[in-house]
Amino acid sequence: MLQTFPADYPWQGNKGQVFSQVGNAVPPRLAAHLLAPHLDKTLTPDDFTLAA
């Protein structure tokens, strides 16, 4: 959750492999903020609200 992945994100493998996946990942919110200007998108808090 620290890197903005959902708590139930389906990581794969053993503990060491999961740590590697987390360490190599681009957090979803960071990716959104990096891509938004290139897509002419203004982000709002609603963009990060997950649908139930």
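Quick summary incoming for the structure in this document.

Here the focus is the overall build of the protein. Each helix and strand counted, the protein has 2 helices and 0 strands in total. By the compact-globule yardstick of 10 Å for 52 residues, the protein is too spread out, its C-alpha radius of gyration being 13 Å. Principal-axis analysis of the C-alpha atoms places the extent of the protein at approximately 40 × 25 × 15 Å. Within the span of the protein, comprising 52 residues, buried residues form 8% of the whole.

A few words now on the packing of aromatic side chains. Here the structure, examined in full by the defined rule, presents 3 aromatic pairs. Seen in terms of ring centroids, phenylalanine 5 and tryptophan 11 are 5.0 Å apart; in terms of plane orientation they differ by 65°. Their pairing is edge-to-face. Residue classification places phenylalanine 5 among the buried residues on the basis of a relative accessible area of 12%. Each residue in the set Phe5, Tyr9 and Trp11 is aromatic and connected to the rest through ring pairs, giving one cluster.

A few words on unusual backbone geometry. A positive phi angle, close to 50°, is found at aspartate 40, a residue other than glycine. What makes aspartate 40 exposed here is its relative accessible area of 76%.

What follows deals with a nonpolar patch on the surface. On the surface, Val26, Leu30 and Leu34 cluster together into a nonpolar patch covering about 280 Å² of accessible area. Residue position: valine 26 is located in the loop between α1 (15-24) and α2 (28-35).

The subject of this paragraph is the environment of alanine 36. Along the chain, alanine 36 turns up in the segment after α2. Separated by 33 residues in sequence, alanine 36 and glutamine 3 have C-alpha atoms that sit 18 Å apart. With residues up to four places along the chain from it excluded, the contact list for alanine 36 reads Lys41 and Leu43.

What counts and what doesn't
- Residues numbered from 1 in each chain as written.
- Predicted model: local features only at pLDDT ≥ 70, side-chain atom pairs only at ≥ 80, totals over all residues.
- Heavy atoms only, no water.
- Helix = DSSP H or I, 4+ residues; strand = E, 2+ residues; numbered from the N terminus.
- Rg over C-alpha atoms; globule rule 2.2 N^0.38 Å.
- Buried < 20%, exposed > 50% of the residue type's maximum accessible area, 1.4 Å probe, protein only.
- Phe/Tyr/Trp six-rings, centres within 6.5 Å; stacked < 30°, edge-to-face > 60°.
- Patch = residues over 30% accessible without salt bridge, like charges linked within 9 Å, V, L, I, M, F, W, Y side chains within 5 Å.
- Areas by Shrake-Rupley, 256 points an atom, 1.4 Å probe, with all protein chains shown as cover.
- Salt bridge = Lys/Arg side-chain N within 4 Å of Asp/Glu carboxyl O.
- Contact = heavy atoms within 4.5 Å.

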